[in-house]
Amino acid sequence: MRREDAGPERADPDRVDLGAAHPGPIPRATDVRLVPAAVATWAAAGVLTGTRGSAAWACAGAWSVAAVVTVLLLVVRRGEPGRAPEGGVSAVRRVRERRGGSCRHRLARAGRSALPAVGLVAAAVALVCTSLFALGQLRHPSALDATGPRSGQGEFVVTGTPKRAPTSPFGFAADSGGQAGAVPGTGSAAAAVGTAAPGAPSETRVMIEAELVAFDTAGRRSSARAPTLVFATVENTDSLNIGSRFRAQGSLTSLEPGDSREFLFFARGSPDKIAEPPWYLDWADGLRSSFRQSAAVLPGDGAQLLAGLAIGDDSGVSASLRDAMTVSGLTHLTAVSGANCAIVVMAVMQLGGVVGLGRCARILVSLGVLVLFVVLVTPEPSVLRAATMAAIVLVASALGRPASGIGPLCLSVIVLLALDPWLARSAGFSLSVLATGGLLLLTRPLAALGARLLPPALATALAVPVAAQLACQPVLFLLAPQITPYTLPANVLAEPAAALVSVLGLLVCLVAAAAPGLASIAAWLPWVPSAWIGAVARFFAAAPFAAVDVPDGVVAATVAVLLVLLIAVALATARAHPRVALTAGGISVLGLLVTAGVLAGGSIARGGAIAPDWQVAACDIGQGDAVLVHSRGEVALVDVGPQPAPLSACLTRLRIDRIDLLVLTHYDRDHVGGLDAVIGHVDHALVGPPDGAADRRLVERLRTGGALVADGRRGMSGTLGDYRWDVLWPRTGTTLTGNPASVTVLFSGAMRLLFLGDLGEQAQDAVLAANAIGQVDVVKVAHHGSADQSERLYRQIRAVIGLISVGIDNSYGHPTERLLGMLGRAGTRAFRTDQEGLIVLSGTATAISVWTERAKPP
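Residues numbered from 1 in each chain as written. Predicted model: local features only at pLDDT ≥ 70, side-chain atom pairs only at ≥ 80, totals over all residues. Heavy atoms only, no water.

Visitor: Explanation requested: the overall build of the chain in the structure shown.
Guide: Of regular secondary structure, the chain possesses 25 helices and 26 strands. Relative to its full complement of 858 residues, the chain shows a buried share of 49%. Long-range contacts, defined here as pairs at least 24 residues apart, represent 70% of the contacts in the chain between residues at least 6 apart. For the chain, the exposed surface amounts to about 38,800 Å²; the carbon and sulfur share of it is 62%. (Helix = DSSP H or I, 4+ residues; strand = E, 2+ residues; numbered from the N terminus. Buried < 20%, exposed > 50% of the residue type's maximum accessible area, 1.4 Å probe, protein only. Contact = heavy atoms within 4.5 Å. Areas by Shrake-Rupley, 256 points an atom, 1.4 Å probe, with all protein chains shown as cover.)

Visitor: Just checking my understanding: could you explain the pairing of strand E17 (residues 708-711) for this structure?
Guide: The side chains of a regular strand alternate, first on one face of the sheet and then on the other. In terms of strand pairing, strand E16 (residues 682-687) meets E17 through 4 bridges, oriented parallel. Within E17, the residue paired with Val687 across the bridge is Asp711. (Pairing = 2+ DSSP bridges.)

Visitor: Would you mind showing me how to read the state of the cysteines here?
Guide: Cysteine pairs can be linked by a disulfide, which is a covalent bond between their two sulfur atoms. If you walk through the whole model with that rule in mind, you get 1 disulfide. The residue that forms a disulfide with Cys619 is Cys650, at a sulfur-sulfur distance of 2.0 Å. Handedness here is read from the sign of the S-S torsion; for Cys619 and Cys650, about -70°, the answer is left-handed. Note that Cys619 is positioned in the loop between strand E12 (616-618) and strand E13 (627-631) and Cys650 in helix H19 (residues 644-653), a separation of 31 residues in sequence. Judged by its relative accessible area of 0%, Cys619 falls in the buried class. What makes Cys650 buried here is its relative accessible area of 9%. Cysteine Cys59 is unpaired, with the sulfur of Cys129 as its nearest cysteine sulfur at 6.1 Å. Judged by relative accessible area, Cys59 falls into the buried class, the value being 12%. (Disulfide = S-S within 2.5 Å.)

Visitor: I tried to follow the side chain of His630 on my own but got confused; where do I start?
Guide: Mapping His630 onto the fold places it in strand E13. The class of His630 is buried, set by a relative accessible area of 14%. Here Trp614 takes part through its backbone oxygen, which lies 2.8 Å from a polar atom of the side chain of His630. (Polar contact = N/O pair within 3.5 Å; in protein donor to acceptor, adjacent residues only side chain to side chain.)

Visitor: Is there a simple way to think about helix H17 (residues 553-572) in this case?
Guide: An α-helix turns once per 3.6 residues; consequently, residues spaced three or four apart project the same way. Here H17 contains 20 residues, and its C-alpha end-to-end distance of 28 Å stays within 8% of the 28 Å for a straight helix at 1.5 Å per residue. Within H17 the residues assigned to the buried category are Gly553, Ala556, Ala557, Ala560, Leu563, Val564, Ile567, Ala570 and Leu571. For H17, the buried positions fall inside an angular range of 145° around the axis, keeping them on one side. Exposed side chains of H17 directed beyond 90 degrees from the buried face belong to Val554, Leu562, Leu565 and Ala572. (Expected span 1.5 Å × (residues − 1). Arc of directions from axis to C-beta.)

Visitor: I'm lost on the environment of Glu836 in this one. Help?
Guide: Relative to the elements of secondary structure, Glu836 occurs in helix H25 (residues 833-836). In this structure Glu836 comes out as buried when scored by relative accessible area, which is 2%. The spatial distance from the C-alpha of Glu836 to the C-alpha of Asp620 is 8.5 Å, given a sequence separation of 216 residues.

Visitor: Got a minute to help me understand the environment of Leu746 in this structure?
Guide: Along the chain, Leu746 turns up in strand E20 (residues 744-748). A relative accessible area of 6% places Leu746 in the buried class. Placed 19 residues apart in sequence, Leu746 and Val727 show a C-alpha to C-alpha distance of 6.5 Å. Once you skip the residues sitting within four places of it in the chain, Leu746 turns out to touch Arg724, Trp725, Asp726, Leu728, Arg752, Leu753, Leu754 and Val776.

Visitor: So what exactly am I meant to see when it comes to the sheet that holds strand E14 (residues 634-638) here?
Guide: The strands making up a sheet associate through backbone hydrogen bonding, with each pair oriented either parallel or antiparallel. Spatial strand order, E17-E16-E15-E14-E13-E12-E25-E26: 8 strands in an open sheet with mixed pairing. The outermost strands of the open sheet, each flanked by one partner alone, are E17 and strand E26 (847-852). Here the average twist between neighbouring strands, direction ignored, is 15°. (Axes fitted to C-alpha atoms, helices over the stretch in contact; angles between N-to-C directions.)

Visitor: Got a minute to help me understand the nonpolar core in this structure?
Guide: Generally speaking, a soluble globular protein has its nonpolar side chains buried in company with each other. Core analysis: the largest hydrophobic core is formed by 49 residues, its most contacted members being Phe291, Leu330 and Ile533. Mapped by element, the contributors of at least two residues to this core are helix H5 (279-295), helix H6 (300-311), helix H7 (319-327), helix H8 (338-354), helix H9 (359-377), helix H10 (381-398), helix H14 (487-514) and helix H16 (524-541). In contact with Phe291, other than residues within four places in its own chain, are Leu306, Ala307, Ala310, Ile311, Gly505, Val508, Cys509 and Ala512. In terms of nonpolar packing, the next biggest core, distinct from the first, is built from 33 residues, Leu647, Cys650, Leu651 and Leu654 among them. (Core = buried A, V, L, I, M, F, W, Y, C linked by side-chain atoms within 4.5 Å.)

Visitor: I keep staring at a nonpolar patch on the surface and nothing clicks. Help me out?
Guide: Judged by side-chain polarity, Trp279, Tyr280, Trp283 and Leu372 come together as a nonpolar surface patch covering roughly 470 Å² of accessible area. Inspection of the secondary structure puts Leu372 in helix H9. The exposure class of Leu372 is partly exposed, given its relative accessible area of 41%. (Patch = residues over 30% accessible without salt bridge, like charges linked within 9 Å, V, L, I, M, F, W, Y side chains within 5 Å. Salt bridge = Lys/Arg side-chain N within 4 Å of Asp/Glu carboxyl O.)

Visitor: What should I look at first to understand the packing of H5 against H14 in this one?
Guide: A pair of packed helices is captured by two measures, namely the crossing angle of their axes and the spacing between those axes. Packing of H5 against H14 brings their axes to within 8 Å, and their N-to-C directions diverge by 105°. Accordingly, the angle class assigned to the pair H5 and H14 is roughly perpendicular. In this structure, H5 contributes Leu287, Ser290, Phe291 and Ser294 to the contact, and H14 contributes Gly505, Val508, Cys509, Ala512 and Ala513. Taken together, the residues of the contact of H5 with H14 sort by class into 6 nonpolar, 3 polar and no charged. (Parallel < 35°, antiparallel > 145°, perpendicular 65-115°, else oblique. Nonpolar A, V, L, I, M, F, W, Y, C, P; charged D, E, K, R; others polar.)

Below you can see the structure in the form of structure tokens.
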């Protein structure tokens, strides 16, 4: 994890300490008075933001507790006896109490001493509850509390840099005139559906982080301040910069309580920009744009990472590089955090000293520059945490108060949660706080322990990522249930380069505003360490066992919490109570060994299970179709089965949460009944010809859920990862509906995959006549193996594997003996979901590996 704000007590009264931890023993007097308040506010905010309507009761209860504790404090203070003569009753009582007194007296003393802490906790929780109650009415107005999507016009303020959504894969092959014998995919490159004429501006599908400020529906206007993710199509991605205001028609979908966003909005048509951003946001956007243009001329991974490392803009990072950064544990480097804020503040303080500014003046200037820096890099949760903590340290330093340790971190947590309680559920905020806490509490003892065997400098370099990783690991297990064993060496190699990129990148950013040409040359300086970080990420991501899957993230997180606590106890008691430390350390080492053994055994067991690079998966969803195609992280789903539950279970098992391409071959219930499992999770959809109002309503539900929907017609083509797909049937302008009009798709890549929907014999012969299909590797057998099949088609395609998606003991007699005989005569081996459960294929055409959930009965 990234190096955050940590440091020892200040020795020089003229210096603000924002440095990193150094090896040495834990300070004897670590101020933890704010820890209970920070933990309680975080827990309260986390629980209450996950429900709606409970904030008012929680607010009343918290203020009541705070009031009661305040009254008790006043009573206790007034009841305390004054100083009495040494021989008086008070002196005798004090002597008895010093000797231990009664149990009742000891409890009374403990209660009196705990009252201030309880009052502080109650007041902090009450403050957060009040904020939650007040902001909740604006964040989710009751007028917008609908169970389903609602159409209307929204007004938004952009809060994040627009990012490209997955581009529409729909296209038509140049030779798709519909003549018999045409071969889809053999003509020129496909042109996107809806592409404008030559010379017209192209349109881009983008995702925009925005704040919904008003929504008009059915003649009623609702005001709000709701974080919303907007999907829209724009001609120029730079037209909607941060702070600008726009209006759009579309559908608004409410999300579950506790999400970082309240709504999803799917715009129809292009949004209308109605206001420019304020001057300071426009200034920051200009700086970011100038920096991106300066880095655009640079090559490779270094150019992609440069903007993220310097100003937190990771929009230019490719999917493969992003995966490599994640697996190697370096993703945090592209998120601005405490190290960046420390660099900025320390630079301003040093420059202020050079020009002769006084201490207070330097602190005021540092605060102003810190605000501008947050505006420049955008106020992400980790940025807000780091900047707030730095501001607390600066203000405390100006007042002559202690300004290091865990206190400023806890106060920053309380302040930020009071301003935005929904940060409690933010992964970025959680990781930032935990990483900083780990550095403050664990770095010194870990470095001291390592210094017994290693040089102090190397021990410290290793202690920093270990401390941050230990603190963050429970949350990381919940976000991605896997272990990345190369995180430590990757961070040791990349951290020094990241600090260099931060300094040089900021300088280039400032130069770019005044002299873009010079900045393009100067950008080569931070490019070198940036390229190094990219090389480190790819090297470790490609190493064996770079990511070891964990079966259950919750269990893993619980075990990680227990192990971290044991390690902390061992480090904290190493000097005062060596036996306790030895016991805690032994238990933690034993726990680590047992966990490693279980994970290794599980990894070996799963080695014979589902391959991570699987290509095809036929879900066991009963009598119906639901087959997945997977390539380079992109997923296509052909039909959704009869019910949502079994499809959801299959998608969860395969760890799929987004469908890039959905194909609904036709509208029989056994092919579309499970649609609710994927509504809102589909980027693009191909659908067969509808037959009636019910089918059209189903298509409209897909659109309302945010999918770009197109009618599947012969000649359409596109890509999915390394695969190319072509629609072979039905023809454009067809009057067919139902089974004979099933959308028939051919995927070509590592394997050739043919999906026949529910075509009957005549329709299969028509498909064969209209397309030169050639040999395929896998065929999804039509109509669950009914007898209405074309033997001529199966003989010509000569598939190696035939997938039959069929229910156990179905009343239709599927698959029929006639179909099984056809496959046998064509040399195609049948795999059936009723007998073998989930069926997963991996490999290539030359060596197809088949994994089945159950062994085929004899």
